[in-house]
Amino acid sequence: MAASLNTVETDVLVVGGGGAGTRAALESARAGAKTVLAVKGRFNSVGVHGAGATGVGLSEAGAFFYFDPKTGYPLIDPDEWGPISLEEILELDYQVIIQVGQGMADPKLARVMVQEAVPQRQQIEEWGVQIHGDRLRHHGLPLMAALGRQIQQTDVDVREEVAITDLLTHDGKCVGAVGVDFQGNAIVFKAGAVVLCTGGDAGLYRHNFHPPDVNGDGHAMAYQAGATLMNMEFGQFFISPLPAVTHPSAVWLFQPGARLKNGQGDEFLPGYLPSGITSEQVFAARTYQPMFTTANVSKYADIAMMKETLAGRAGPNGGVLLDLTDPSVVTRSIYAEGWLAKRGIDAAERPLEIVPARHCSHGGPRIDEHGRTDVPGLYAGGGESASGPQGADRMGGHMLGSGQVFGTRAGRDAARFATENARDDLPADVVEQGLERIRSLEALRGQVRPRDVKRELRRQVSEDLNVIRSEAACDRVLQTVARIRDETFPRLAIQEPMDRMEAMELLNMLTVTEMVSKTVAMRTESRGGHYREDYPEQDDAQWLKSITIRKERDGMELGTLALDPEWKDRTDLLKGVSFAGGRQE
Ligand SMILES: Cc1cc2nc3c(=O)[nH]c(=O)nc-3n(C[C@H](O)[C@H](O)[C@H](O)COP(=O)(O)OP(=O)(O)OC[C@H]3O[C@@H](n4cnc5c(N)ncnc54)[C@H](O)[C@@H]3O)c2cc1C
C-alpha cells in the first residue's frame, strides 16, 4: 500500500489534545497565530486514543487547592486555612515541590507554576469548571469540556486521528513536523513553531494508567530534533488492581494489618524487611502515599512485590495478592471505599491482585519558563516536558495545573515566535529527510505485527526498568532494543493502515527506552522513585544533579546539570517536616 501525501501550512502546530495541548492551541490562536492542533485519536474523547491522561477523567486539580498540612496532599481550599495567608500557602506549596523534587526540580519553573495557579484557577472557574474542596471531584473531564468549548470559539484547525512522528528542522530551528493518519497517509506540517504536548511515556510499561495514545512520541521527536532532555530516569509507579489497570485509587488500600501474599499464597513482606522494620511500619507509611518512593520505609512493600514477581511467584494475572481480610484492617480511605463499592468488590472477603503500574514520567525536553526547548521554534508543556512540579518525585495533584500554566505560556510564546519569524520556503530535502522514516516502512515485507513487538518491548521494560533497577537490568533492556532494531524491525509486516502508526510508535518507543535505560544506568544511587538495587542509598555527594541527554553525531550524549544543589536552603518553612512524595512523615 503506497501512502499518499498531504501538506498543511500553519504558524503554530500543537501536537497533543490533552489539557496542556488544547490550552496551548487556544492561547496561540487567541494571540493571533494560525494554529493547527493534531491529535492521535479523537479530540475531547474519554479513555480512548486521543484522550491522553486528561481524558481518563480521574485527575483532581490539586494545585488549585494548595496542600493539606496534615497529609501533605494538596487538596484543600484556601478558605479553610484560617489565619494563614494566601502568600504563605503559595510559598509552602513551592517549598514542598522543591523538597519532594530533592534537587531535581527547576526552582524557576516551580515558582512560575505556583504563582500562576491562582489566576489559572479563576480562569477555568469562569469557564464553568467547579473546583471545591470536595476530595472526590474529578476535574480532568470538566476541564477538557471547558477547553473544548473555548476552542470552538476560535479558528483552531483540529486534525484528528493524526500521529505526529518526526519534527522538521532547518538551520537549527524547528520548522514543522510530519506524521501519519489512521488511514496510513503521510502528512507534512510546515509550521513557524511546534508545541509538543504528547503526555509523556507511560505507554512504555505494560501496566500503566493511560489510554493507548501516550507512548513517548514527544520525547523521541524532541531528541531526534536535537533538544536537550533531562530527568528521564525519574517517574512514578502506583499500585494498580488487576486484571484491569484502570484506576490508581487502589493505592489507598495499603493499611496496617494488610498482608502481601504471592501466587502460592505465602506471605512474603516480612522476609524482605531489614531488622528493626516491621510490616506495620511499612503499611503505615504507605497508607496515604500513592507512589513508590525511596524516601521512606514504604519502599519495602513495592520492592518486595517486584522481587516476588521477578522470582516467578506471581499470582494468576502476574501480580501479587493484597490480603485485607483480617478483621483488624480498617479501610480508612474514602478513595478505596468508593472504588471498591462501585465495583461490588468486598476486600474483606477475598484478596485483591495488584501490580506496580506506571503513573507518569518526570522527564522530557528541558524547557524554560516560556515552554521553550533549546531548539528555536520547538516548545513543550504538560506531562511531556520536564516542567514545574516535577523532580525526583512530584506532589500529587499538580499536573492539571502545570498543563494549564505551561500550556498557556508555550502557546503564547510559540505564536509570538512564529509571527515574528517569517516562514521561508522549505528546501525539498528538509521535508524528504523528515519523511525518511515513514517512507522506510514501504520496504517492509515481513510477517511480524508492530503491535506484537511493542508488547514484547513493554514486557522487558516492565521487568527491568520498573520499581527495581540495576546495571545488569539496563544492559538487558539495551540488548533487547538493539535486537529489535537490527533483527525484528526489518521483518515487520505493514498490512493494515494502523500498522504504519504502530511501526512509528515502536521506533519512538525504542528511542525512549534507550534514553531511560542509559540515564537509569548512569545514576548510581537511589532517589525519589528511582531505586537502584545495586546502589540502594541516596548519594548527595555525587548526585545532586540532573542527567541530561541529547543527540550528537555519535549517538546519545549524556551530561549533568546542577539545577538546584541548594534545594535544602529553599525549604526553610518546612524545617523539621519531611515530605515523601506527598505524605508528611
Ligand atoms: C489515572 C490518573 C490520575 C491522575 N490524577 C491526577 C490528579 O489527581 N491531579 C493532577 O493534577 N494530575 C493527575 N494526573 C496527571 C494528569 O492527568 C496529567 O499529567 C495531565 O492530564 C497531562 O496532560 P497533558 O495534556 O500533558 O497530556 P495528556 O492528557 O496525556 O494528552 C496527551 C495528548 O497527546 C496526544 N498524542 C500523543 N502522542 C501524539 C502524537 N504522536 N501525535 C499527536 N498526538 C499525540 C494524545 O492523543 C493526547 O491527546 C493523573 C493521571 C492519571 C493517568
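See the structure printed just above.
What comes next concerns the included structure. (Residues numbered from 1 in each chain as written. Predicted model: local features only at pLDDT ≥ 70, side-chain atom pairs only at ≥ 80, totals over all residues. Heavy atoms only, no water.)

This part covers the sheet that holds strand E8 (residues 235-241). Judged by pairing direction, the sheet is antiparallel, and its 4 strands sit side by side in the order E8-E11-E10-E9 without closing on themselves. Where the open sheet ends on each side, the last strands, each with one partner, are E8 and strand E9 (259-261). Taking each pair of neighbouring strands and ignoring which way they run, the sheet shows an average axis angle of 40°. Looking at chain direction, E8 and strand E11 (residues 352-361) are connected through 7 bridges and run antiparallel. For Ile239, the partnering residue across the bridge sits in E11 and is Pro356. In this fold helix H7 (residues 299-310) packs onto E8, E9, strand E10 (320-323) and E11, with an angle of close to 110° to the strand it touches most, E11. (Pairing = 2+ DSSP bridges. Helix = DSSP H or I, 4+ residues; strand = E, 2+ residues; numbered from the N terminus. Axes fitted to C-alpha atoms, helices over the stretch in contact; angles between N-to-C directions. Contact = heavy atoms within 4.5 Å.)

Moving on: the site of the ligand. The local shell around the ligand holds 36 residues, among which Ala53, Thr54, Ser59, Glu60 and Asp213 are the closest. One nitrogen or oxygen atom from the main chain of Gly18 is found 3.5 Å from an oxygen atom belonging to the ligand. Here an oxygen atom of the ligand and a backbone polar atom of His398 are 3.4 Å apart. Taken by itself the ligand offers 1000 Å² of open surface, and the protein chains cover 96% of this. (Near = heavy atom within 4 Å. Polar contact = N/O pair within 3.5 Å; in protein donor to acceptor, adjacent residues only side chain to side chain. Areas by Shrake-Rupley, 256 points an atom, 1.4 Å probe, with all protein chains shown as cover.)

Turning our attention to the nonpolar core. Of all hydrophobic cores here, the largest spans 52 residues; its most connected members are Leu457, Leu465 and Met515. Here the element with the most residues in this core is helix H13 (residues 497-522); it accounts for 11 residues. Beyond its immediate sequence surroundings of up to four residues, Leu465 is in contact with Tyr205, Phe237, Gln460, Cys474, Val477, Thr513, Val516, Ser517 and Val520. Leu90, Val118, Ile367 and Trp567 belong to the second largest nonpolar core, which has 42 residues in total. (Core = buried A, V, L, I, M, F, W, Y, C linked by side-chain atoms within 4.5 Å. Buried < 20%, exposed > 50% of the residue type's maximum accessible area, 1.4 Å probe, protein only.)

Quick look at unusual backbone geometry now. Backbone geometry follows two general trends: most residues other than glycine have a negative phi, and most peptide bonds adopt the trans configuration. Unlike most non-glycine residues, Asn44 shows phi in positive territory, near 60°. Relative to the helices and strands, Asn44 resides in the loop between strand E2 (35-38) and helix H2 (86-101).

Moving on, we get to the packing of aromatic side chains. Evaluated as defined, the whole model comprises 3 aromatic pairs. Relative to Tyr272, the ring of Phe268 lies with its centre 6.3 Å away and its plane at 80°, an arrangement referred to as edge-to-face. Accessibility expressed as a relative area gives 5% for Phe268, which makes it buried. Over the aromatic face of Tyr94 sits the side chain of Arg111, whose NZ or CZ is 3.7 Å from the ring centroid. The aromatic ring of Trp543 is capped on one face by Lys545, whose charged end is 5.6 Å from the ring centroid. (Phe/Tyr/Trp six-rings, centres within 6.5 Å; stacked < 30°, edge-to-face > 60°. Lys NZ or Arg CZ within 6 Å of the ring centre and 35° of its normal.)

Take the pattern of salt bridges next. Should the charged atoms of two oppositely charged side chains come close, the side chains can pair. Enumeration according to the criterion identifies 44 salt bridges in this entry. As a salt-bridge pair, Glu456 and Arg483 come within 2.8 Å of each other at their nearest N and O atoms. Highlighted residues: Glu456 in helix H11 (residues 450-464) and Arg483 in helix H12 (residues 471-488), separated in sequence by 27 residues. For Arg483, a relative accessible area of 32% translates into the label partly exposed. Ionic pairing is found between Glu552 and Arg550, a salt bridge with its closest N-O pair at 3.2 Å. One salt-bridge network, held together by shared partners, links Lys40, Asp217, Arg449, Arg451, Lys454, Glu496, Asp499, Glu502 and Glu505. (Salt bridge = Lys/Arg side-chain N within 4 Å of Asp/Glu carboxyl O.)

Another point: the packing of helix H5 (residues 217-224) against H13. Packing of H5 against H13 leaves a shortest axis separation of 8 Å and a crossing angle of 75°. What the angle tells us is that H5 and H13 run roughly perpendicular. Residues Asp217, His219, Ala220, Tyr223 and Gln224 of H5 pack against Glu505, Asn508, Thr511, Val512 and Met515 of H13. Across the contact of H5 with H13, the residue classes break down as 4 nonpolar, 4 polar and 2 charged. (Parallel < 35°, antiparallel > 145°, perpendicular 65-115°, else oblique. Nonpolar A, V, L, I, M, F, W, Y, C, P; charged D, E, K, R; others polar.)

We now examine helix H1 (residues 19-30). With 12 residues, H1 should reach 16 Å at 1.5 Å per residue; the first-to-last C-alpha distance of 17 Å fits that figure. Most of H1 is tucked away, with 11 of its 12 residues classed as buried. Of the positions making up H1, those classed as buried are Gly19, Ala20, Gly21, Thr22, Arg23, Ala24, Ala25, Leu26, Glu27, Ser28 and Ala29. Positive phi appears at Gly32, one or two residues downstream of H1, with a value of about 95°. (Expected span 1.5 Å × (residues − 1).)

Read from one edge to the other, the open sheet built from 4 strands follows the order E12-E7-E14-E15, with strand pairing classed as antiparallel. Edge positions in the sheet fall to strand E12 (364-365) and strand E15 (555-561), since each of these pairs with one other strand and no more. Of the strand pairs in this sheet, strand E14 (residues 546-552) and E15 are connected by 7 bridges, and their pairing is antiparallel. Residue pairing for E15: Lys551 is matched across the bridge by Met556.

By the element assignment, Thr419 lies in helix H9 (residues 399-420). Judged by its relative accessible area of 48%, Thr419 falls in the partly exposed class. It is 9.2 Å that separates the C-alpha atoms of Thr419 and Ala193, two residues lying 226 residues apart in sequence. Within the structure, Thr419 has its side chain in polar contact with the backbone oxygen of Arg416 (distance 3.2 Å).

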